[in-house]
Each structure stands twice: as C-alpha cells, then as structure tokens.
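Spelled out, the chains give:
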Amino acid sequence: MYADTQNDITRQVVRVAQLLLAYGAESELVEEISQRLGRALGLASVELSISSNSLVLTSLVSGRCITTTRRIREHGINMTVVCELQRICLLAEKGLYGPNEVRKRLARLQPKTYPKWLLIPMIGLSCGSFCHLFGGDLAACFITFFASVIGMFVRLAMAQRHFNVLVNFAVTAFVTSLAAQLGYLYPVTQTPELAMAASVLMLVPGFPMINSISDMVKGHMNVGISRWGQATLMTVSSVIGITIAMQLGGIFL
C-alpha cells in the first residue's frame, strides 16, 4: 500500500471515529468500529486513544505508521448518525465499499432530527404521563403538559442559537418551573407539586450518564469521568434554574 493511500484511509477512519464521538457513541463502540473499518479498507491495525475532547489515531501498514489527531466538538446525541456509520463499516467489511465510497458516503451524511411540531408536543405528552404515573390528577397533567411544551420550545430555540448547554438547561428549567407554578396560583389541582416535579423531567441527562458509566466500566476512565462531570453540571444547572423560579414564586417544596 502506498503512503498516499494509507493517508487517505487513515483520514476516513479518523473521520468516522470523530463523528461517532461527536454524536454520542460510547468509547468502546468507537474503538471497535474504527478498527474494523481500518482493517476492511486495508490497514494492518488501528490504534485509538480517546480523551474528553480529542482523539489520536495511529494506522499501521507494512511497518509504516501514520498518526493523526482530531478535536471533538459535540453535536448532540443522534443515534441515526451512529447507526449510519456502523452501516458504512459493515458494507466495507463485505467488500462493497472502498475508500472512495466511504468518503462519498461520509460527505453526504446528514443528521436526521424530528420536526419541532412533532417533538415539542410529544415531550409535553411524556412529561404529562409521568405526572399521571406519579399520582397527579388530570389538571396537574395538563399543567405539566403546558409547562414542558413551553420549556421544550425555549430549549430548542436556545440550542438553535448555539447557547452554552449549561445556560440552556438553567434557562429552560427556570421557564418550565415558572409555568408549572400555575397549579399554585390557581386552585385547579390538588397535586401542584407533582406538576412542578414532572415538567422538568425532560432535562434529566439520562443518556450521557449511561454512557459515562458504560465507559468507566469498560476501562475508558478519562472519557467516562468527563461525561459524568458534564452530566452532573447539566443537572446542577437545571437545579439552579428551578431554585430561582421557586424563589421568585415563593414556593418551597
């Protein structure tokens, strides 16, 4: 294999690893897909070192090593992208894709998201359902739906304008908690505290926490601790927003 060919394949493999990390894949999966794709495209071996915001990849062919570094910029969790990258790896392993086909497929790769008109009411419905499961009455469920819909709208609007995720979570929690205080202002429900609790469940960073534990269990301590820290900061930001809203409303649960 020529050096230029090894360079090209290495760039495709590191791009796949970079996208996997950026869209929320766990570290073990990133290593596995990178190594499998590298071997499928003709590399002898692929070694990968992952940190909290960067990765270093080394490819080996006929005793010649090429090392490259990439910075990781998070784009939010999107399993559609992760599944598409796994599909590219499988097609390369079957011999259907070479380096050129992989490059073209990566260039066309676009994250798919649900439309806002569908996502926002579904979030409201899920939070309202949690309120019902907690024992809230019908009025509390409607208040939860209303508050979480407003909060999700604010969250998506801030994300579209690229606000810091911690600021996003704090403001969203603040607005959602203010809206959920309708149950205290008007005596329409016997369980206003459940509406307050359920309306902010959309801010629970469950996926980052699961990924962080998975990384630490599988030996990727640095990345796992980093993801755990990020999830903790997101939770603290939400708590700050809720606390400020409760202070302004004179409510103490």
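The residue numbers shown here count from 1 along each chain, following its written sequence. Per-residue local features of the predicted model are confined to residues with pLDDT of at least 70, and side-chain atom pairs are confined, for both listing and counting, to 80 or more; whole-chain, interface and lining totals are unaffected and use all residues. Side-chain metrics rest on all non-hydrogen atoms present in the structure, leaving aside hydrogens and water.

### Considering the nonpolar core
Note on soluble globular proteins: their nonpolar side chains tend to be buried together. Note the following rule: The nonpolar core is taken to be a set of buried Ala, Val, Leu, Ile, Met, Phe, Trp, Tyr and Cys residues, with the residues joined through side-chain atoms within 4.5 Å. Each residue gets one of three labels from its accessible area relative to the maximum for its type: buried under 20%, exposed over 50%, partly exposed in between, using a 1.4 Å probe on protein chains only. Each helix corresponds to a stretch of at least 4 residues labelled H or I by DSSP, and each strand to a stretch of at least 2 residues labelled E; elements are numbered beginning at the N terminus.
Formed by 34 residues in total, the largest nonpolar core has its most connected members in Leu20, Val30, Leu55 and Leu85. Among the elements of the structure, α1 (3–22), α2 (27–40), β1 (45–50), β2 (54–61), α3 (79–93) and α4 (99–108) are those that each provide at least two residues to this core. Here this core gets 9 residues from one element, more than from any other, and that element is α1. Ile120, Ile123, Met152 and Met202 belong to the second-largest nonpolar core, a separate cluster that totals 10 residues.

### Some details on the sheet that holds β1
Applicable threshold: Strands were regarded as paired on the criterion that DSSP finds at least two bridges between them. Between N-to-C directions, angles cover 0 to 180 degrees, with each direction set by a line fitted to C-alpha atoms, over the stretch in contact for helices.
Pairing in this open sheet of 3 strands is antiparallel, and the strands run β1-β2-β3 from one edge to the other. Edge positions in the open sheet fall to β1 and β3 (64–71), since each of these has one partner strand only. Strand-to-strand, the axes of this sheet are offset by a mean angle of 15 degrees, without reference to chain direction. For β1 and β2, the ladder comprises 6 bridges, and the chain directions are antiparallel. Paired with Leu48 across the bridge in β2 is Leu57.

### Points about α4
Going by this rule: Within this analysis, the arc is defined by the directions that extend from the helix axis to the C-beta atoms.
Here α4 has its buried residues at Val102, Arg105 and Leu106. Angular distribution of buried residues about the axis of α4 spans 100 degrees; they occupy a single face of the element. More than 90 degrees from the buried face of α4, the exposed residues found are Lys104, Ala107 and Arg108.

### Things to note about the domain arrangement of the protein chain
The following threshold applies: Domain delimitation in this document rests on an assignment produced automatically or drawn from a domain database. In this description, contact between two residues means that some pair of their heavy atoms is separated by no more than 4.5 Å. What gets called buried area is simply the loss in accessible area from a 1.4 Å probe that two parts show on being joined, summed for both. The salt bridge definition used is simple: a Lys or Arg side-chain nitrogen within 4 Å of an Asp or Glu carboxyl oxygen. Under this definition, polar contacts are N or O atom pairs within 3.5 Å; protein pairs additionally need one hydrogen-donor-capable and one acceptor-capable atom, and for neighbouring residues in sequence, both atoms have to be side-chain atoms. Any residue outside Ala, Val, Leu, Ile, Met, Phe, Trp, Tyr, Cys, Pro, Asp, Glu, Lys and Arg is labelled polar, Gly included; the first ten of those are nonpolar and the last four are charged.
Domain boundaries in the protein chain define domain 1 (1–108) and domain 2 (116–249). Taking only C-alpha atoms into account, the centre of domain 1 sits 35 Å from that of domain 2. On the side of domain 2, 10 residues touch domain 1, which itself brings 12 residues to the contact. Considering only the side of domain 1, the residues that lose the most area to domain 2 are Glu26, Ser27 and Ile77, jointly responsible for 44% of the buried surface there. Our enumeration of links across domain 1 and domain 2 arrives at 1 salt bridge. Across the pair Glu26 and Lys218 runs a salt bridge whose closest N-O atoms are separated by 3.1 Å. Scanning the region where domain 1 abuts domain 2 turns up 6 residue pairs in polar contact (both at pLDDT 80 or more). Classifying every residue of the side of domain 1 that touches domain 2 by side-chain character gives 5 nonpolar, 4 polar and 3 charged.

### Looking at the packing of helix α7 (residues 165–180) against helix α11 (residues 221–249)
As a reminder, the rule being used: Definitions for this section: a left-handed crossing has its near helix turned counterclockwise from the far helix by less than a right angle. A right-handed crossing has that turn clockwise.
At a closest axis distance of 7 Å, the pairing of α7 and α11 adopts a crossing angle of 35 degrees. Classified by chirality, the crossing of α11 by α7 is right-handed. Residues Val165, Leu166, Phe169, Ala170, Ala173, Phe174, Ser177 and Leu178 of α7 form the contact with α11, whose participating residues are Gln230, Leu233, Met234, Ser237, Ser238, Gly241, Ile242, Ile244, Ala245 and Leu248. Residue composition of the contact of α7 with α11, grouped by class: 13 nonpolar, 5 polar and no charged.

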